[in-house]
Amino acid sequence: MRAFDALKTRLPGRAANERIHRGRARDRFNTRDLFAEAAHGIGARPGRLVLTILGTVLGIASVVITVGLAQTAAGQISRQFDAVAATQVVITPAKAGTGDEARPKGRIPWDGADRVAQVNGVVAAGLVAPVDIEDRRVTAVPVNDPSVAEKASPVVVAGSDGLLDAVRGQVVAGRFFDSGHDARSDRVVVLGERAAAQLGINRVDSQPSIFIGEDAYTVIGIFGDVKRRADLLDAVVLPVGTARQDFAVGAPEELQIHIETGAGSLVAEQGPVALDPNAPESFKAQAPASGSALQENVQADINAIFLALGGIALLVGGLGIANVTLLSVMERVGEIGLRRALGATKRDIAGQFVVESVVIGLLGGLVGASLGVFTVVIVSVAQEWTPILDIRMAIGSALLGGVIGLLAGTYPALKAAAIEPIAALRGGI
């Protein structure tokens, strides 16, 4: 009380009265009161609160789900890339010239698969050569019925005995031909699954035959689940020796090489040398691309799409908070005027509405982040994936809701602080 009298003595007149009034107001409305009033304002209308935070919940959940699923999918893609693309090298003849005038600079030798197999890091290698059967057709019967509509014939290609291992295929029925069939130029074939279905052949234990023109070839196997060169599933595959003898195939089109992980650059460098030590530049080796680059590109594409949707949802959520907070200011004009008349400052009024907006944003952020994490885990379990999610991102997304609430509540808080007590008590703004 003595301090109060001393202050009154040092600050004469109206200025002293105003300073004393503000000091007493601060004593009556502290931080505890601020949060108590904000909590009361938030909990007064639960239904409106739920609708207000819904936009923020959807926005934050979208961000968490987007980043989480993008990281998880990128991890799966990376593993699949390492299992297939990162373990494959393809060697083809280099071209001289451009466009229609381009001509091969070299020819892959028929024993190219055996030569490349000596390179360190090569698991399997197989030749592929197109076969020109001219106007002959591939059928499962020796006689064509003119009353039956013609169907497109499967393509015919030649391959070496290591081709199936090189393209990571699996034998579905029977067996794949071996080097003996190749050396003897036996009239045997293996069929891709789709080619076999097209020809009506689903088993080989009865030694079925197909006809290329009028010549019969025994089907000894059917293969499927090809990881590389999936077009071979539509093809009839002959041993290269048979193709050279019956169709005068000139040279292989490409050499498919299955390699160990990490051996791409070595095989790409030494493979052409193994094929022709005097002219390795006659061949073009396609080494695996960077797995990390593929992963980053895929993740960037996914993020660009879904983060845009999440941003829109966050914008809608922020506008919802701003709209509801402003509406709350309009509805509580009388309350604001009464509190101002009892000594609450503009800062007190503004702080109350800012706190309300921040708390609403935080609630939306926490619920949205939790919903997003739960969704990522459920989707990953359903797809048998390993969920990958940075916990710092989830926590940051929850705090982002509070930032959105702060930004959204700034204007309504300033609007509330600008209300004059007399005008408010009279029912105006």
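- By the naming in an unreviewed UniProt entry, the protein goes by ABC transporter permease and is assigned to Oerskovia rustica.
- In its Sequence similarities (unreviewed entry) section, UniProt records this for the protein: "Belongs to the ABC-4 integral membrane protein family."
- Recorded in UniProt under Subcellular location (unreviewed entry), the annotation for the protein is "Cell membrane".

**A closer look at the pattern of salt bridges**
So, point 1. According to the stated counting rule, one finds ten salt bridges in the structure shown.
So, point 2. For Asp-186, the salt bridge goes to Arg-184, with nearest N and O atoms at 2.9 Å.
So, point 3. Among the residues examined, Arg-184 registers a relative accessible area of 55% and is labelled exposed.
So, point 4. Arg-203 is paired through a salt bridge with Asp-205; the nearest N and O atoms lie 2.4 Å apart.

**Remarks on the packing of aromatic side chains**
Both the distance between ring centres and the angle between the ring planes are used here to describe each pair of aromatic rings.
So, point 1. For the coordinates displayed, the defined rule picks out two aromatic pairs.
So, point 2. Judged by centre distance (4.4 Å) and plane angle (35 degrees), the rings of Phe-176 and Phe-177 are tilted.
So, point 3. The exposure class of Phe-177 is buried, given its relative accessible area of 2%.
So, point 4. With 6.3 Å between their ring centres and 75 degrees between their planes, Phe-176 and Phe-223 make a pair best called edge-to-face. You can see Phe-176 sitting in the loop between strand E7 (170-174) and helix H7 (179-184) and its partner Phe-223 sitting in strand E10 (residues 215-224), a full 47 residues away along the chain. Grouping residues by exposure puts Phe-176 and Phe-223 together as buried.
So, point 5. One aromatic cluster in this structure is built from Phe-176, Phe-177 and Phe-223.

**As for the packing of helix H13 (residues 346-382) against helix H14 (residues 391-417)**
Between two packed helices, the angle of one axis relative to the other and the distance separating the axes together describe the packing.
So, point 1. Close contact between H13 and H14 brings their axes to 6 Å; oriented N to C, the two are set at 155 degrees. Accordingly, the angle class assigned to the pair H13 and H14 is roughly antiparallel. Relative to H14, H13 is oriented so that their crossing is right-handed.

What counts, and where the lines are drawn
- Residues numbered from 1 in each chain as written.
- Predicted model: local features only at pLDDT ≥ 70, side-chain atom pairs only at ≥ 80, totals over all residues.
- Heavy atoms only, no water.
- UniProt positions renumbered as here; feature names shortened; annotations may be inferred.
- Salt bridge = Lys/Arg side-chain N within 4 Å of Asp/Glu carboxyl O.
- Buried < 20%, exposed > 50% of the residue type's maximum accessible area, 1.4 Å probe, protein only.
- Phe/Tyr/Trp six-rings, centres within 6.5 Å; stacked < 30°, edge-to-face > 60°.
- Helix = DSSP H or I, 4+ residues; strand = E, 2+ residues; numbered from the N terminus.
- Axes fitted to C-alpha atoms, helices over the stretch in contact; angles between N-to-C directions.
- Parallel < 35°, antiparallel > 145°, perpendicular 65-115°, else oblique.
- Left-handed = near helix turned anticlockwise from the far one by under 90°.

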